[in-house]
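In case you want the letters, here they are:
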Amino acid sequence: MKRNGAGLASICVLATMVLVMLSSTTCMYYGVEDALHQRYPRDIGVECYFGDRLDQMDEAHLDILRAAVADAADAMGSSRDNVQDYRAAWLYGILTPDGALRSASDSGGPASEMTRVTLISLSDYNALTGTELTLSDGEVYVYGHRMTYTAPQFTVGDTTWRVKSLLDRCAVNGAAAADVTPSLYVVVPDFDSAARLLLALSADSDLSVQLRWYYQFDSDLPDDAQHSGSASYGTDGVHANLTDALQLALYNVNAETDLTTGWEVESLAANRSDFYGAYGGLFFLGIMLSVVFSLAAVSIIYYKQVCEGYEDQSRFAIMQKVGMTKQDIRRSINSQLLTVFFLPMALSGVHLCFAFPFIHKLLLLFNLSNTPLLIGTTVVSYVAFALAVVALYYGVRKVKNGQRCVLLAANLFFILATSGLKSLLIITLCVAISYGAGLLIEKNILLEQKSKARRIFWLDIVLSLAILCYFKFFKDTFLLLQDLLRSKGICVNALVSPIGLSYFTLTMIAYANDIYHKKHKAE
């Protein structure tokens, strides 16, 4: 077959697109719980922010907040399991290669090099992870989330700490996990002193320090009792869901004490339906586009076979006259078909391997860092696609005119998916007109009624061009008429132009011309 290079490249690109979309959206759908729990590590998350009021982050004030949260949870009959309770001070800045924290204006670096730096105390880290690490004065532990920290020290202003070691895990906050910015967690021996250094540094620069207290826990209440979607009360006047009860408790603390904190209460249950809706929609879109692009690849394959088969027919006839057997011809054709079907399949697998790191980074934007799941869905998608290609190759060969049937079905489905049912009906009408005209032209030529065949040929051309001209030139006029009729109370819906109508019309005219000049049979 000729022009195999361009055709195979197109098929390979389409196959790669199918595999990329199918593997990534499948991973997103089946990894939605991983993404959900990475964004919301616990069922309930309470976050209080103190501005620059470090004096209100002492244990006495935090005990008041803890008691309010505990009382609200107990009143709702909720357990508090797997509690995460810690203070943090974080800001966005630029880390120099030697570990110094600078603002963007001081360092001269671009905003794209920003890093989220979070300080937590050693006692909080040990409580979160169940470890018993120790630090001397002037030492810190560091943990890089989506980054690698290599400097031997960490510097804030004029104070430098020696990095004792790199940690292999840390309690990453849900909001930080969803942030695509690299994060550095610094475990310090004295949180208050380190936080004061950050506040002093921010006073002399454009850095903005955020002082936060996080309290997160798992609840044994059902999802609707954790968050009902709207503020509601039970028959006894108590809040009907845990989230609203915690909101009210924190409001009362600020109203009745000297605390001036802001607060936010997050619920995993409140966001589960949103996650499943978004990821499920993307999964459906990935399947839909995969089917469309697969049919586009199938159309190219069979279109090449049908068109180039006619061109090669005379050549194979000559080769048969010089001694080539039908078995040799069949073997040659089969080798070409194997190349058209399976070479793009193999190359698309190579392309998918090179695209894998980019897909992984893209999925990080959706809180998906489950690499084994991505590998599994990629392998399964490739195997399923390969099996579909094999089934198509061997299945169509056993059906009479199977290639033409698949080619027609693929084109009609592509039009349905991209332009809608009305466009499909228009194209079907055009196919019926062209096919019927071809049969009549061929019949009259065989009966040697050329004048009648000529009239049918020109009638087919006129009808085809009339449909094309309506959508290309007269549709705007019809829209004006449509507005006029609607003003009179008559509703008339406009038709949407099918995709590729110009190419399709010219192909139908060429089809009728080939039959009229006896180049091909009507089929």
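For the structure given in this document, a descriptive report is provided here. Here the structure is a predicted model, which means the values were calculated and not measured.

1. What to know about the overall build of the chain
Okay, step 1: Each helix and strand counted, the chain has 16 helices and 10 strands in total.
Okay, step 2: Taking contacts inside the chain between residues at least 6 apart in sequence as the whole, the part at least 24 apart equals 77%.
Okay, step 3: On the chain, roughly 26800 Å² of surface is accessible, and the fraction owed to carbon and sulfur atoms is 62%.

2. Section: the pattern of salt bridges
Okay, step 1: A complete count under the given rule lists 10 salt bridges for this structure.
Okay, step 2: Asp63 is paired through a salt bridge with Arg66; the nearest N and O atoms lie 2.8 Å apart. Separated by 3 residues within a single helix, Asp63 and Arg66 lie in helix α3 (residues 59–75), roughly one turn from each other.
Okay, step 3: We note a salt bridge from Asp192 to Arg87, for which the minimum N-O separation is 3.2 Å. In this pair, Asp192 is assigned in helix α7 (residues 191–203) and Arg87 in strand β2 (residues 81–95), connecting sequence segments 105 residues apart.
Okay, step 4: Asp192 gets classed as partly exposed once you look at its relative accessible area, which sits at 27%.

3. Focus on the nonpolar core
Okay, step 1: Ranked by size, the top nonpolar core spans 52 residues in total, and within it Val46, Phe50, Leu65, Phe154, Val186, Leu211 and Leu246 carry the most contacts.
Okay, step 2: Ignoring sequence-local partners within four residues, the contact set of Val186 consists of Val117, Thr118, Leu119, Ile120, Val140, Tyr141, Val142 and Phe154.
Okay, step 3: Grouped together as the second largest cluster of nonpolar side chains are 30 residues, Leu8, Phe341, Leu368 and Phe385 included.

4. As for the environment of Met147
Okay, step 1: Checked against the element boundaries, Met147 lands in the loop between β5 (139–145) and β6 (153–156).
Okay, step 2: Note: C-alpha distance between Met147 and Thr181 (34 residues apart in sequence) is 9.2 Å.
Okay, step 3: Look past the residues within four positions of Met147 in its chain and what remains in contact with it is Leu95, Thr115, Pro182, Ser183 and Leu184.

5. Quick word on helix α5 (residues 122–129)
Count 3.6 residues to each turn of an α-helix, and residues three or four apart come out pointing the same way.
Okay, step 1: Of all the positions in α5, only Leu122, Asp124, Tyr125, Asn126 and Thr129 are classed as buried.
Okay, step 2: Its buried side turned inward, α5 meets β2, β4 (115–121), β5 and β8 (183–188).

6. Re the side chain of Ser290
Okay, step 1: By secondary structure assignment, the location of Ser290 is in helix α10 (residues 268–321).
Okay, step 2: If we skip the residues at most four places from it in the chain, Ser290 touches Val18, Met21 and Leu22.

7. So, a nonpolar patch on the surface
Okay, step 1: Together, Leu343, Leu347, Val350 and Phe354 make up an exposed nonpolar region whose accessible area comes to about 380 Å².
Okay, step 2: Topologically, Phe354 is positioned in helix α11 (residues 326–364).
Okay, step 3: Judged by its relative accessible area of 62%, Phe354 falls in the exposed class.

8. Focus on the packing of α3 against helix α9 (residues 242–256)
Okay, step 1: Running from N to C, α3 and α9 cross one another at 145 degrees; their axes reach a closest spacing of 9 Å. Our pair here, α3 against α9, has a crossing hand that is right-handed. Contacts between α3 and α9 pair Ile64, Leu65, Ala68, Val69, Ala72 and Ala73 from the former with Leu242, Ala245, Leu246, Ala249, Leu250 and Val253 from the latter.
Okay, step 2: Among the residues forming the contact of α3 with α9, the class breakdown is 12 nonpolar, no polar and no charged.

9. Here we look at unusual backbone geometry
Okay, step 1: With a phi close to 50 degrees, Asn82 is a non-glycine residue in the positive phi region.
Okay, step 2: Among the secondary structure elements, Asn82 is positioned in strand β2.
Okay, step 3: Even without a glycine there, the phi angle at Asn367 is positive, about 65 degrees.
Okay, step 4: Here Asn367 falls in the buried class, since its relative accessible area comes to 6%.

10. Points about helix α16 (residues 501–516)
Okay, step 1: Along its 16 residues, α16 runs 23 Å from first to last C-alpha, staying within 8% of the 22 Å computed at 1.5 Å per residue.
Okay, step 2: Every buried residue belonging to α16 is among Leu501, Thr505, Met508, Ile509, Ala512, Ile515 and Tyr516, and all of these are buried. Take α16 and look down its axis: the buried residues cluster within an arc of 125 degrees, on one side only. Exposed residues on α16 whose side chains face more than 90 degrees from its buried face are Tyr503 and Leu506.
Okay, step 3: Once α16 ends, the next one or two residues include Lys518, with phi positive near 60 degrees.

11. A look at the packing of aromatic side chains
Think of a pair of aromatic rings as described by two things: how far the centres are apart, and how the planes are tilted against each other in angle.
Okay, step 1: Per the stated rule, a full pass over the model turns up 15 aromatic pairs.
Okay, step 2: Ring geometry for Trp213 versus Tyr215: centroids 5.6 Å apart, planes at 35 degrees, classification tilted. Tyr215 shares its class with Trp213; the two are buried.
Okay, step 3: With 6.1 Å between their ring centres and 85 degrees between their planes, Tyr279 and Phe366 make a pair best called edge-to-face. Within this pair, whereas Tyr279 is found in helix α10, its partner Phe366 is found in the loop between α11 and α12 (371–397), the two being separated by 87 residues in sequence.
Okay, step 4: On the basis of relative accessibility, which here comes to 6%, the residue Tyr279 falls in the buried class.
Okay, step 5: A network of ring pairs unites the aromatic residues Tyr40, Phe275, Tyr279 and Phe366 as a single cluster.
Okay, step 6: The positively charged end of Arg39 is found above the aromatic ring belonging to Tyr40, 4.5 Å away from the centroid.
Okay, step 7: The lysine or arginine in question, Arg116, covers the ring of Trp90, its NZ or CZ lying 3.9 Å from the ring centre.

Parameters at a glance
Residues numbered from 1 in each chain as written. Predicted model: local features only at pLDDT ≥ 70, side-chain atom pairs only at ≥ 80, totals over all residues. Heavy atoms only, no water. Helix = DSSP H or I, 4+ residues; strand = E, 2+ residues; numbered from the N terminus. Contact = heavy atoms within 4.5 Å. Areas by Shrake-Rupley, 256 points an atom, 1.4 Å probe, with all protein chains shown as cover. Salt bridge = Lys/Arg side-chain N within 4 Å of Asp/Glu carboxyl O. Buried < 20%, exposed > 50% of the residue type's maximum accessible area, 1.4 Å probe, protein only. Core = buried A, V, L, I, M, F, W, Y, C linked by side-chain atoms within 4.5 Å. Patch = residues over 30% accessible without salt bridge, like charges linked within 9 Å, V, L, I, M, F, W, Y side chains within 5 Å. Axes fitted to C-alpha atoms, helices over the stretch in contact; angles between N-to-C directions. Left-handed = near helix turned anticlockwise from the far one by under 90°. Nonpolar A, V, L, I, M, F, W, Y, C, P; charged D, E, K, R; others polar. Expected span 1.5 Å × (residues − 1). Arc of directions from axis to C-beta. Phe/Tyr/Trp six-rings, centres within 6.5 Å; stacked < 30°, edge-to-face > 60°. Lys NZ or Arg CZ within 6 Å of the ring centre and 35° of its normal.

Note that every value here comes from positions in space, so none of it alone points to a role or purpose.
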